[in-house]
Amino acid sequence: IQPLHDALLALLVRHLGLPGADDELLRLAICIEGLGVQLHVGLDINEAIAPGVNTAPGAIDRWHGTLVRAALAMVEAEARRRGRFLGEPTVRSTL
């Protein structure tokens, strides 16, 4: 887990133009990582409260698009909080 976390932090540092990771960036990375973790840890609960959202044809592809958009929104919010303008996202989801 640590190498993947460190890689995400490095990407966020570079993307936001920061000299290094601070506590807020650590929190952001953990929040982004939590998006995917919730799908696995809460699979049975998610299916109970939203039947079919995980099992419908193409569900994984739709989740991919949703998670990417959510992560990008969190990164954009952190950039705004820091007074940084990122411009248009360089990653686009077609889902």
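The structure under discussion appears in the preceding block.
Since we're looking at a predicted model, the values are computed, not measured.

A. Highlighting the layout of surface pockets. Approximately 180 Å³ is the volume found for the second largest pocket. Forming the boundary of the second largest pocket are Gly36, Leu39, His40, Leu43, Asn54, Ile60, Trp63, His64 and Leu67. By residue number, the principal contributor to the lining of the second largest pocket is helix α4 (residues 59–81), which donates four residues. Counted by class, the lining of the second largest pocket contains five nonpolar, four polar and no charged residues.

B. Quick look at the pattern of salt bridges. All chains considered together, the criterion is met by five salt bridges. The residue Glu76 makes a salt bridge to Arg80 at a minimum N-O spacing of 3.7 Å. One end of the pair is Glu76 and the other is Arg80, both in helix α4 and four residues apart, which spans about a single turn. Residue Glu78 is joined to Arg82 by a salt bridge in which the shortest nitrogen-to-oxygen separation is 2.6 Å. Accessibility expressed as a relative area gives 7% for Glu78, which makes it buried. Owing to a relative accessible area of 23%, Arg82 belongs among the partly exposed residues under this scheme. One network of salt bridges, with partners in common, ties together Asp22, Glu78, Arg81 and Arg82.

C. Quick look at the nonpolar core. Of all hydrophobic cores here, the largest spans 13 residues; its most connected members are Leu12, Leu16, Leu25, Leu28, Ile32 and Val75. Counting only elements with at least two residues in this core, the list comes to α1 (2–16), α2 (23–41) and α4. If you tally residues by element for this core, the top one is α1, at five residues. Residues contacting Leu25, with those up to four places away along its chain left out, are Leu9, Leu12, Val13, Leu16, Leu18 and Arg82.

Calculation criteria
Residues numbered from 1 in each chain as written. Predicted model: local features only at pLDDT ≥ 70, side-chain atom pairs only at ≥ 80, totals over all residues. Heavy atoms only, no water. 1 Å grid on protein atoms, 1.4 Å probe; cavity = no way out; pocket = protein on both sides within 12 Å on 5 of 7 lines; lining within 4 Å. Points joined across faces, edges and corners; volume = space filled by probe spheres on them. Helix = DSSP H or I, 4+ residues; strand = E, 2+ residues; numbered from the N terminus. Nonpolar A, V, L, I, M, F, W, Y, C, P; charged D, E, K, R; others polar. Salt bridge = Lys/Arg side-chain N within 4 Å of Asp/Glu carboxyl O. Buried < 20%, exposed > 50% of the residue type's maximum accessible area, 1.4 Å probe, protein only. Core = buried A, V, L, I, M, F, W, Y, C linked by side-chain atoms within 4.5 Å. Contact = heavy atoms within 4.5 Å.

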